[in-house]
Amino acid sequence: MTMYTISDVMQQVYANQTLVVSLAFATYAFGFVQYLTSIYMQVKNKHCPFYFWQHCWYFGHDLTFSLLFHQWFVKIGFWLFEVLCIGCMCFVVIELCSLYMVVKNERQETW
């Protein structure tokens, strides 16, 4: 089993910077479209397409990675990590709104 160091990974990232940045932005764009659609459905239909536990999981994931991306930015200094940190913080806010909407509109179904 091969273990890669941070230097190994960042060497590949710097060598393929355009590809890495494009893929990261495409992934986040897809995520934002998915979540904006979810928010729209929650407001319009008073029903969320995701389960409560999924929002809890995503909230924890997004909060963890916003902290990790910031830490990686401070340690490594690659600007994309700070952009991804801000994106994850936006997802955290969206998750909090989604959790609020689920509790407000679907608490009988959820509990």
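Residues numbered from 1 in each chain as written. Predicted model: local features only at pLDDT ≥ 70, side-chain atom pairs only at ≥ 80, totals over all residues. Heavy atoms only, no water.

**Some remarks on helix α3 (residues 52–76)**
With 25 residues, α3 extends 36 Å between its outermost C-alpha atoms, agreeing within 8% with the 36 Å of an ideal straight helix rising 1.5 Å per residue. Along α3, the positions that sit buried rather than exposed are Gln-54, His-55, Asp-62, Ser-66 and Phe-69. In the segment just after α3, Gly-77 is the residue with positive phi, at about 85°. (Helix = DSSP H or I, 4+ residues; strand = E, 2+ residues; numbered from the N terminus. Expected span 1.5 Å × (residues − 1). Buried < 20%, exposed > 50% of the residue type's maximum accessible area, 1.4 Å probe, protein only.)

**Some points on the confidence of the model for the protein chain**
Mean pLDDT over the protein chain stands at 92; residues scoring 70 or higher make up 98%. Confidence scores differ between elements of the protein chain, with helix α4 (residues 79–110) showing the lowest mean pLDDT of 91 and α3 the highest of 95. (pLDDT = per-residue confidence, 0-100.)

**Structural notes on the layout of surface pockets**
If you add up the space inside the largest pocket, you get close to 310 Å³. The wall of the largest pocket is formed by 14 residues, among which Thr-27, Gly-31, His-61, Asp-62 and Phe-91 lie closest to the centre. The set of elements that each furnish at least two residues to the lining of the largest pocket consists of α2 (17–45), α3 and α4. Broken down by element, the lining of the largest pocket gets its largest block of residues, six residues, from α2. (1 Å grid on protein atoms, 1.4 Å probe; cavity = no way out; pocket = protein on both sides within 12 Å on 5 of 7 lines; lining within 4 Å. Points joined across faces, edges and corners; volume = space filled by probe spheres on them.)

**Digging into the nonpolar core**
If you look at the biggest cluster of nonpolar residues, it comprises 18 residues, and the most contacted ones within it are Tyr-28, Phe-69, Phe-78, Leu-80 and Leu-84. Setting aside residues no more than four positions away along its own chain, Leu-80 makes contact with Val-20, Val-21, Ala-24 and Phe-25. (Core = buried A, V, L, I, M, F, W, Y, C linked by side-chain atoms within 4.5 Å. Contact = heavy atoms within 4.5 Å.)

**With respect to the environment of Cys-48**
Locating Cys-48 in the fold gives a position in the loop between α2 and α3. Classification of Cys-48 by relative accessible area gives buried; the value is 4%. Sequence spacing of Cys-48 and Thr-37 is 11 residues, and the spatial spacing of their C-alpha atoms is 10.0 Å. Ignoring anything within four residues of it in the chain, the contact list for Cys-48 reads Ser-38, Gln-42, His-55, Val-102 and Glu-106.

**Things to note about the environment of Tyr-28**
For Tyr-28, the position within the fold is in helix α2. Placed 53 residues apart in sequence, Tyr-28 and Phe-81 show a C-alpha to C-alpha distance of 13 Å. Tyr-28 has contacts with Phe-69, Leu-84, Gly-87, Cys-88 and Phe-91, leaving out every residue within four places of it along the chain. There is a polar contact of 3.3 Å between the side chain of Tyr-28 and the backbone oxygen of Leu-84. (Polar contact = N/O pair within 3.5 Å; in protein donor to acceptor, adjacent residues only side chain to side chain.)

**Overview of the side chain of Ser-38**
Looking at the secondary structure, you find Ser-38 in helix α2. For Ser-38, a relative accessible area of 1% corresponds to the buried category. Excluding its chain neighbours within four sequence positions, the residues that come into contact with Ser-38 are Cys-48, Pro-49 and Phe-50.

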